[in-house]
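An overview of the molecular structure
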Amino acid sequence: MVLDKGEQAKAFFKEGYNCSQAVALAFCDEIGIERRKLLRMVSSFGGGMGRLREVCGAVSGMFFVAGALYGYDDPKDTQAKKEHYARIQELAAQFQAETGSIVCRELLGLEGRDHSPVPSERTAEYYKKRPCQEMVAIAARLMETYIADHAGVEM
């Protein structure tokens, strides 16, 4: 049985990957980047950007996938840049509509930034109190839906 992208992302998160890695890894085949390289490329975005609790890592992972699949590469192509930024804003709005925010600390109900670089231990209690599994599932599902809705569209 093939899991949908949301379930794949949840499974990767449960393996210990950070939120951004879990989402990006669910799309590794579509992106066409070698797994280890992909994991390293998005490793900084977990914990809301290096555990600063800024933009949610699941959202960053979703944006990474969108950029890899639909991003622009010509700095003078303002139309492509505009279209891509509109795409990112659309995905962000969809995520925020489902979750209430795209900011890690707000999703976790934390006050301010967490300046400790030490990741939380992944215990049963951690998984009970953190919404991260659902956040990665939502981000991956939104990206999967976006890809399906835009299949065959020249990007």
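Look a little higher up for the structure.
The paragraphs below set out a description of the structure included in this document. (Residues numbered from 1 in each chain as written. Predicted model: local features only at pLDDT ≥ 70, side-chain atom pairs only at ≥ 80, totals over all residues. Heavy atoms only, no water.)

Here we look at the overall build of the protein
Rules: Secondary structure elements follow DSSP: runs of H or I of four or more residues count as helices, runs of E of two or more count as strands, with numbering from the N terminus. All radius of gyration figures rest on C-alpha atoms, and the globule criterion is 2.2 Å times the number of residues raised to 0.38. Under the scheme applied here, a residue whose accessible area is under 20% of the maximum for its type counts as buried, over 50% as exposed, and between as partly exposed, the area being computed with a 1.4 Å probe on protein chains only. Accessible surface area values rest on a Shrake-Rupley calculation with a 1.4 Å probe, where residue burial reflects the displayed protein chains alone. Asp and Glu count as negative and Lys and Arg as positive, but His and the ends of the chain are not part of the count. A charged residue contributes its charge at one atom only: NZ of Lys, CZ of Arg, CG of Asp or CD of Glu.
Broken down by element type, the protein carries 10 helices and zero strands. When the helices and strands of the protein are placed in sequence order, the string is α-α-α-α-α-α-α-α-α-α. Here the protein has a C-alpha radius of gyration of 15 Å; the compact-globule value for 155 residues is 15 Å, and the two agree. Judged by the C-alpha coordinates and their principal axes, the protein covers about 45 × 40 × 30 Å. Going through the 155 residues of the protein one by one, you find that 41% of them count as buried. As presented, the protein carries roughly 8800 Å² of accessible surface, and 51% of it is formed by carbon and sulfur atoms. Of note, the protein has its 20 positive side-chain charges centred 7 Å away from the centre of its 22 negative side-chain charges.

Some thoughts on the nonpolar core
Put simply, the rule reads: Side-chain atoms within 4.5 Å are what join buried Ala, Val, Leu, Ile, Met, Phe, Trp, Tyr and Cys residues into a set we call a nonpolar core. We call two residues in contact when some of their heavy atoms are within 4.5 Å.
If you look at the biggest cluster of nonpolar residues, it comprises 42 residues, and the most contacted ones within it are Phe-27, Ala-58, Met-62, Phe-95, Val-136 and Met-143. Those elements that provide at least two residues to this core are helix 1 (5–15), helix 2 (19–26), helix 3 (28–31), helix 4 (35–42), helix 6 (57–70), helix 7 (78–99), helix 8 (104–108) and helix 10 (132–149). Examining the composition of this core, we find that nine residues originate from one element, helix 10, more than from any other. Contact partners of Met-143, with chain neighbours within four places excluded, come to Phe-27, Met-62, Val-65, Ala-66, Tyr-70 and Leu-91.

Observations concerning the pattern of salt bridges
Where charged atoms of side chains with opposite charge meet at close range, the side chains can pair. Quick note on the threshold: By convention in these notes, a salt bridge is any Lys or Arg side-chain nitrogen within 4 Å of a carboxyl oxygen on Asp or Glu.
Tallying each qualifying case throughout the model produces five salt bridges. Notably, a salt bridge pairs Glu-134 with Lys-10, separated by 2.9 Å at the nearest N-O pair. With Glu-134 in helix 10 and Lys-10 in helix 1, this pair connects stretches of sequence that are 124 residues apart. Of the residues examined, Glu-134 reaches a relative accessible area of 41% and is grouped as partly exposed. What makes Lys-10 buried here is its relative accessible area of 15%.

Considering helix 4
Because an α-helix completes one turn every 3.6 residues, residues spaced three or four positions apart along the sequence face the same direction. Rules: Taking the helix axis as origin, the arc is that swept by the directions to the C-beta atoms. A 3.5 Å cut-off defines polar contacts: any pair of N or O atoms within that distance qualifies, except that in protein one atom must be a possible hydrogen donor and the other a possible acceptor, and neighbouring residues in sequence count only when both atoms are side-chain atoms.
Residues of helix 4 that are buried: Leu-38, Leu-39 and Val-42. Along helix 4, the residues classed as buried sweep out an arc of 100° about the axis, all on the same side. In this structure, helix 4 carries Arg-36, Lys-37 and Arg-40 as exposed residues pointing more than 90 degrees from its buried face. The backbone nitrogen of Arg-36 lies 2.9 Å from a side-chain oxygen of the residue at the head of helix 4, namely Glu-34.

Some points on a negative patch on the surface
To keep it simple, the criterion reads: Only residues whose relative accessible area exceeds 30% and that form no salt bridge enter a patch; like-charged residues are grouped when within 9 Å of one another, and nonpolar side chains (Val, Leu, Ile, Met, Phe, Trp, Tyr) when within 5 Å.
A cluster of acidic residues, Asp-73, Asp-74, Asp-77 and Glu-83, forms a negative patch on the protein surface. Looking at the secondary structure, you find Glu-83 in helix 7.

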